[in-house]
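# A structural walkthrough
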Amino acid sequence: MYTQAMDTMGREPDESLKAVASADEAALQANFDAHIDAGNYVEAKDWMPQNYRKTLVRQISQHAHSEIVGMLPEGNWITRAPTLKRKTILLAKVQDEAGHGLYLYSAAETLGTSRDEMLEALHTGKAKYSSIFNYPTLTWADMGTIGWLVDGAAIMNQVPICRCSYAPYARAMIRICREESFHQRQGFDALLVMMQQGTDAQRAMVQDAVNRWWWPCLMMFGPPDDQSPNSAQSMRWGIKRVSNDELRQKFIDATVEQAKVLGVTLPDPDLKWNAEREHYDHGPIDWDEFWRVVGGNGPCNRERLGTRVKAWEDGAWVREAALAFASKQSDKQSNTQQVA
Ligand code: BYC
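Going by an unreviewed UniProt entry, the protein chain carries the name 1,2-phenylacetyl-CoA epoxidase subunit A and comes from Ralstonia soli.

Next up, the structure:
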């Protein structure tokens, strides 16, 4: 502080320093923009604008939260799976989701936010997680439908993130997408078996699950492009590569054909092929319902958050034990080094 005062010899130190800093900043910003425009990736140690960092922490942490909250509606059915084969598949899938959460929290940590901070934001309701996990899983058919539709929507949204400009996120997504593909197939397979080899009651159960999950799945892609405050900047930065509406449309186009193979109908009387657009038209989405759920008032928001907070509190002794063990190990190591 004193040195600075001497150097400036009575001039306005803050102003001159600010001018230099902002000139530097402008050059860094220009480099960064050119780097992004050329389609290059950004690594953790590279310079990046504060808002780019903030946007990534927001999206990646919300994505991580979605993975671990997403374990709850399915975890609920592990003990009730109809066969040993379905139980092992579901168990593996739910474990994968814990793994996805870990990759994603790790990717977000590279941006300088600690996992404790991110979890605190989840537990206090400040951070969002995907709206879809605030709906109940009422029957076994919901497990197949989550795999087919929810994971199907997730893959559609996540494949373009494998090319996200932030490299640690893009790398995490490559592995996640491979696993999501297995998740989607196992869901489709479970439903196909029920539809082709099941009883009338089982087929009705599948149709009922599809009816309940269809619209919330379309909401997973986020608000329409003209009501999506983050899209324009995220597209500019190469964080998002394809818009919410385009992805939703791609999902609808792919799913209508899959529904035909399964032999289920989708609960939208306005769903029809538009030869001019070469896409399926669809009926209006209830965006009031979406914002209600995102705002914390969906059917299961309180239950999901309560379960997460309880798991965090019940796990306190595990974290303490792990820290005590790690500190014992490092004491042991430094003692050995001293003796040597
Ligand atoms: N739910 O400006 P927008 C999985 C929020 S896990 C809740 O379009 P953005 C799986 C949005 O955050 C799947 N909130 O935002 C796991 C924003 O609020 P803030 C999770 C939503 O970020 C286990 C505001 O609405 N996938 O598949 O440009 C088992 C305005 O939206 C939702 C990801 O997280 C929503 N559905 O675009 C099975 C993918 N949609 O943050 C399966 C990564 C929007 O400004 N994320 N909001 O307060 C993304 O691709 C983007 O963040 C989104 C939203 C497309 C979701």
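### Quick look at the overall build of the protein chain
On a plain count of helices and strands, the protein chain comes out with 14 helices and two strands. The C-alpha extent of the protein chain, read off along each of the three principal axes, is 85 × 65 × 35 Å. Counting across all 340 residues of the protein chain, residues that qualify as buried make up 46%. A separation threshold of at least 6 residues defines the contact pool for the protein chain, and within that pool the share at least 24 residues apart is 75%.

### Regarding the pattern of salt bridges
Under the definition given, this model contains 16 salt bridges. The residue Arg248 makes a salt bridge to Asp245 at a minimum N-O spacing of 2.7 Å. Of this pair, Arg248 and Asp245 both sit in helix α11 (residues 244-262), three residues apart, which is roughly one turn of that helix. Here Asp245 falls in the partly exposed class, since its relative accessible area comes to 29%.

### Observations regarding helix α6 (residues 115-123)
The α-helix winds at 3.6 residues per turn, so residues separated by three or four positions along the chain end up facing the same way. The complete set of buried residues in α6 reads Met118, Leu119, Ala121, Leu122 and His123. For α6, the elements touching its buried residues are α3 (50-69), α5 (84-109) and α13 (301-314). Following α6 by one or two positions, Gly125 has its phi on the positive side, about 80 degrees.

### A short note on the site of the ligand
Near the ligand lie 34 residues; those nearest to it are Arg58, Lys128, Ser131, Ser228 and Lys240. Within the backbone of Asn230, a nitrogen or oxygen atom sits 2.9 Å from an oxygen atom of the ligand. Starting from 1,000 Å² of accessible surface for the ligand in isolation, the protein chains cover 91%. Among the elements of the structure, α3, α7 (141-158) and α12 (287-297) are those that each provide at least two residues to the shell around the ligand. Among the elements that make up the shell around the ligand, the one with the highest residue count is α3 (six residues). Tallied by class, residues from the shell around the ligand come to 14 nonpolar, 13 polar and seven charged.

### Looking at α13
Its 14 residues give α13 an end-to-end C-alpha distance of 20 Å, which sits within 8% of 20 Å, the value for a rise of 1.5 Å per residue. Considered for burial, the residues of α13 that qualify are Asn301, Arg304 and Arg308. Looking straight down α13, one finds its buried side chains confined to an arc of 80 degrees; they lie on one side. Across α13 from its buried face, at more than 90 degrees, point the exposed residues Arg302, Lys310 and Glu313. Buried residues along α13 sit in contact with α3, α4 (71-75), α6 and α12.

### Side note on the layout of surface pockets
Looking at the second largest pocket, its volume works out to about 230 Å³. Along the walls of the second largest pocket sit Ile68, Met71, Ala98, Gly101, Leu102, Tyr105, Arg115, Asp116, Leu119, His123, Arg308 and Trp312, which together make up its complete lining. Among the elements of the structure, α5, α6 and α13 are those that each provide at least two residues to the lining of the second largest pocket. Of the residues belonging to the lining of the second largest pocket, the class tally is seven nonpolar, two polar and three charged.

Basis of the calculations
- Residues numbered from 1 in each chain as written.
- Predicted model: local features only at pLDDT ≥ 70, side-chain atom pairs only at ≥ 80, totals over all residues.
- Heavy atoms only, no water.
- Helix = DSSP H or I, 4+ residues; strand = E, 2+ residues; numbered from the N terminus.
- Buried < 20%, exposed > 50% of the residue type's maximum accessible area, 1.4 Å probe, protein only.
- Contact = heavy atoms within 4.5 Å.
- Salt bridge = Lys/Arg side-chain N within 4 Å of Asp/Glu carboxyl O.
- Near = heavy atom within 4 Å.
- Polar contact = N/O pair within 3.5 Å; in protein donor to acceptor, adjacent residues only side chain to side chain.
- Areas by Shrake-Rupley, 256 points an atom, 1.4 Å probe, with all protein chains shown as cover.
- Nonpolar A, V, L, I, M, F, W, Y, C, P; charged D, E, K, R; others polar.
- Expected span 1.5 Å × (residues − 1).
- Arc of directions from axis to C-beta.
- 1 Å grid on protein atoms, 1.4 Å probe; cavity = no way out; pocket = protein on both sides within 12 Å on 5 of 7 lines; lining within 4 Å.
- Points joined across faces, edges and corners; volume = space filled by probe spheres on them.

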